[in-house]
Amino acid sequence: MTLTVTPLDPADRQTLDAAYRIACAAQAVDEPDLPPICRRRFEALLSHPMPGIEGRWLVARLDGLPVGWLRLHLHTIENTENATVELTVDPAYRRRGIGRVLHEHGVRLLREHGGKRLVGSTTAALPGEEDRVFPGAAFAAALGAKPALADVRRRLDVAGLDRDRLAALLAQARTAATGYRPVRWRDHTPEEYVADVAYLQGRLLLDAPMGELDWKPERMDAARVRDAERALDARGVRRYNTGVVHEATGRLVGWTQLGLDASSTDHAWQEITLVDPDHRGRRLGLLCKAENLEYALTHEPALRAVDTWNAVANRHMIAINEQLGFRPAAGSVDWQLTI
């Protein structure tokens, strides 16, 4: 049997259909509790990459049949020696060396780009699941990648949300946040806050636990925030945002975002949450998240589940999420391979 690896032609809809089917089949095996993959978001690397990202997409064919793919996200502004990698093999064709061949092609592409490190994520064990087999983790370890950061995906069951408890948490947070006021917006950051959002986004990799990952903070500014918003608009992602304004200065000093894929009405992703270090200790993170959850639920009445990831070491954010009702759903590991 002949195995070939070639770049994906964006105009080749048949192969793109096959790549999407492979992604769905793999998720059904590896993370069956996640919602169906949004086709519009899946294809976004080709036509609407995020700012600072240059994509490469390779497809593996066995006797002409697509059986796996690899996507490299090459970084062009900062972290130019790094690439984020996604590698997926059709479950029906695993353990035939297809993943390793795709990996070798990806390494060659990274070297041609002048890169030195690959970073990718796999599912992993939660406490009590130590006997489970996680093929992605075993594959990463076999390639020589090192576990660099342990994460946990947590899920909020909206149907089981204790609304009275949420209201009480909000009341406590508002009392602690004297001198601050919440602000809300859909999709696009109001012009008066865009510089503050850029500052907060730029702090993400400074403030969040990064384990052994060799990753530098992003250089964010208002133009890059707007470029990212345009990319998300093109993907059809609906975003709900809540920030907190320090009334004495008028600055936005905390912010959180929750997003729904174009294909979903019942599932959301809890995205970024950040508070300026000079304003911590006033329950602003809890205030942002609880306010934003109420905001999203008002506009998305079919919402039933919200997923989020936290580094295991991020105890402060985990405590906030667990107060809101998020519970562990799956383990995750970020792997790093120096080539």
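Only a predicted model underlies this, so the values are computations on that prediction, with no experimental measurement involved.

### Re the overall build of the chain
On a plain count of helices and strands, the chain comes out with 10 helices and 12 strands. By the compact-globule yardstick of 20 Å for 339 residues, the chain fits well, its C-alpha radius of gyration being 21 Å. Overall size of the chain, expressed as C-alpha extent along the three principal axes, is 70 × 40 × 35 Å. Within the span of the chain, comprising 339 residues, buried residues form 52% of the whole. If you take every contact in the chain between residues at least 6 apart in sequence, the share linking residues at least 24 apart comes to 73%. Computed over 44 positive and 46 negative side-chain charges, the inter-centroid distance for the chain is 1 Å.

### Regarding the UniProt feature "domain: N-acetyltransferase" (unreviewed entry) in the chain
This chain's UniProt record puts "domain: N-acetyltransferase" (unreviewed entry) on residues 3–167 and 183–339. The span residues 183–339 shows a helical share of 34% and a strand share of 32%, and its end C-alpha atoms are spaced 45 Å apart.

### Things to note about the sheet that holds strand β6 (residues 146–157)
Strand order in the open sheet formed by 12 strands is β1-β2-β3-β4-β5-β12-β6-β11-β10-β9-β8-β7, with mixed pairing between adjacent strands. The sheet is open, and its two edges are formed by β1 (3–7) and β7 (180–186), each paired on a single side. Ignoring which end each strand starts from, the neighbouring axes of this sheet average 25° apart. The pairing of β6 with strand β11 (residues 305–311) spans 7 bridges and is classified as antiparallel. Within β11, the position partnered with Leu156 by the bridge is Val306. Where helix α1 (residues 13–30) meets the sheet, its contacts fall on β2 (53–62), β3 (65–75), β4 (82–89) and β5 (117–124), and the angle it forms with β3 comes to roughly 90°. The strands touched by helix α7 (residues 194–207) are β7, β9 (251–260) and β10 (267–275); relative to β9, the strand with the most contacts, the crossing angle is about 75°.

### A short note on the packing of aromatic side chains
In total, this model carries 7 aromatic pairs according to the counting rule given. Their ring planes at 65° and their centres at 5.5 Å tell us that Tyr20 and Phe42 sit as a pair that is edge-to-face. Within this pair, whereas Tyr20 is found in helix α1, its partner Phe42 is found in helix α2 (residues 39–42), the two being separated by 22 residues in sequence. Phe42 shares its class with Tyr20; the two are buried. Ring geometry for Phe42 and Trp69: centres 5.7 Å apart, planes at 70°, overall edge-to-face.

### Focus on the nonpolar core
Of all hydrophobic cores here, the largest spans 31 residues; its most connected members are Leu156, Leu284, Leu303, Val306 and Leu324. Residue assignment for this core shows that the elements contributing at least two residues are α6 (163–176), β8 (238–246), β9, β10, α9 (284–299) and α10 (315–324). No other element matches α9, which puts 9 residues into this core. Here Leu284 is in contact with Ala177, Tyr180, Val244, Val253, Val275 and His279, once residues within four sequence places are set aside. Leu58, Leu74, Ala140 and Leu337 belong to the second largest nonpolar core, which has 25 residues in total.

### Some thoughts on the environment of Phe139
Within the secondary structure, Phe139 sits in helix α5 (residues 135–142). Given the relative accessible area of 27%, Phe139 is considered partly exposed. In this structure, Phe139 is in contact with Leu87, Gly99 and Arg100, ignoring residues within four places of it in sequence.

Cut-offs used in this document
- Residues numbered from 1 in each chain as written.
- Predicted model: local features only at pLDDT ≥ 70, side-chain atom pairs only at ≥ 80, totals over all residues.
- Heavy atoms only, no water.
- Helix = DSSP H or I, 4+ residues; strand = E, 2+ residues; numbered from the N terminus.
- Rg over C-alpha atoms; globule rule 2.2 N^0.38 Å.
- Buried < 20%, exposed > 50% of the residue type's maximum accessible area, 1.4 Å probe, protein only.
- Contact = heavy atoms within 4.5 Å.
- Lys, Arg positive; Asp, Glu negative; His and termini not counted.
- Charge placed at Lys NZ, Arg CZ, Asp CG, Glu CD.
- UniProt positions renumbered as here; feature names shortened; annotations may be inferred.
- Pairing = 2+ DSSP bridges.
- Axes fitted to C-alpha atoms, helices over the stretch in contact; angles between N-to-C directions.
- Phe/Tyr/Trp six-rings, centres within 6.5 Å; stacked < 30°, edge-to-face > 60°.
- Core = buried A, V, L, I, M, F, W, Y, C linked by side-chain atoms within 4.5 Å.

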